[in-house]
Amino acid sequence: GIRTHHHVMRTEAQAIVHLAATVGVERIIQSPAETIENNVKGTEAVLQAALRYGCRTILASTSEVYGKGLKVPFCEDDDVLLGATVRKRWSYAASKMVDEFLGLAYHGEHDLPVTILRFFNTVGPRQTGQYGMVIPRFVGQALRGEPLTVYGDGQQSRCFCDVDDVVRAVHDLLDCPASIGKVLNVGSREEITIEELARKVKAVTHSKSPIRLIPYDEAYAPGFEDMQRRVPDTTRIQRLIGWRPTIPLARTLVRVRDHLKQEAGRL
Ligand code: UDP
């Protein structure tokens, strides 16, 4: 607690949800040093503050830590398979793995009540497309009548989860002591290829934009490695708090479209 006069005051914070990080594949490839330093030092600072106040703490991690694993769906206790260190992309996964190790160590060595969440492609209104995130990127392109930039052959797939579902998971886990010291996947099981996503975005925006395939080497950097599929096993979080996503991708696309239309109208 904070000492003022002769009283010991309780801190105002009941919990810490640490979401801040350098994210987005394009950003990571441009600035790997910033990525590693922000993500590792930031989490270290948060954990030290949490320890001082004995705060319930949730740390954001990422499905990216499953790397190039081919066994889907991904389960929390699976081995991880990252690419070589010369491939800058994997610096993000490695930095988040250090965060996970650190959080689990603070729990194990100092009894700090930490839970680690591996988010799978969270999406919703107000997400920026600036650092590569594909849904705000495609919806923006479609509304402006520009080509939709599908990387690779577009057959890679993802499971997108609406931010409102994710916020509910975070909120409910704060009051779930059984989740302390655990790593949990948070994501949707609705899998879609990026090419199919581009077609859905065109339909929901009534856009005549062409779909343009761009080789990975051009989109990112020579030798770029993508994840082909990324599907979560969500049995663990479902058992703990009964959570499952309720908002289908079609609804999220409408939400993102309406937000970006409104934003364009304001400019
Ligand atoms: N992607 C794409 N065009 C874009 C941005 C992304 O085809 O303009 C692809 C990207 O290569 C990946 C998928 O969409 O296969 C999801 O990318 P995002 O950056 O949203 O998240 P990631 O799953 O890579 O973390």
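Below is a short write-up of the structure.

The rules behind the values
Residues numbered from 1 in each chain as written. Predicted model: local features only at pLDDT ≥ 70, side-chain atom pairs only at ≥ 80, totals over all residues. Heavy atoms only, no water. Helix = DSSP H or I, 4+ residues; strand = E, 2+ residues; numbered from the N terminus. Polar contact = N/O pair within 3.5 Å; in protein donor to acceptor, adjacent residues only side chain to side chain. Contact = heavy atoms within 4.5 Å. Buried < 20%, exposed > 50% of the residue type's maximum accessible area, 1.4 Å probe, protein only. Pairing = 2+ DSSP bridges. Right-handed = clockwise from strand over helix to strand, strands pointing away. Axes fitted to C-alpha atoms, helices over the stretch in contact; angles between N-to-C directions.

1. Quick notes on the side chain of T115
- Tracing the backbone through its elements, the reader meets T115 in strand β5 (residues 114–119).
- Polar contacts involving the side chain of T115 include one to the side chain of R56, which spans 2.9 Å.
- At 3.0 Å, the side chain of T115 and the backbone oxygen of S179 are in polar contact.
- Leave out the neighbours within four places in its chain, and T115 touches R56, T57, I58, L59, S179, I180, K182 and L184.

2. Description of the pairing of strand β4 (residues 56–62)
- Counted residue by residue, β4 has 7 buried out of 7 residues, so it is predominantly covered.
- Here β4 shows a buried face lined by R56, I58, A60 and T62 and a second buried face lined by T57, L59 and S61.
- Relative to β4, strand β3 (residues 15–18) is paired through 4 bridges, and the arrangement is parallel. Residue pairing in the sheet places V17 in a bridge with I58 of β4.
- Looking at chain direction, β4 and β5 are connected through 6 bridges and run parallel. Its bridge partner lying in β5, T62 is registered against F119.
- Taken together, β4, helix α3 (residues 90–110) and β5 constitute a β-α-β crossover, and its handedness is right-handed.

3. Examining the sheet that holds strand β10 (residues 183–186)
- The strand order β3-β4-β5-β10 describes an open sheet built from 4 strands, whose pairing is parallel. Strand pairing shows two members of the sheet lacking a second neighbour, β3 and β10, which therefore form its edges. Averaged over all adjacent pairs, the angle separating strand axes in this sheet is 20°, with direction ignored.
- Packing of α3 onto the sheet brings it into contact with β4, β5 and β10, and relative to β4 it is tilted by some 155°.
- Docked against the sheet, helix α5 (residues 163–174) engages β3, β4, β5 and β10, running at close to 145° with respect to β4.

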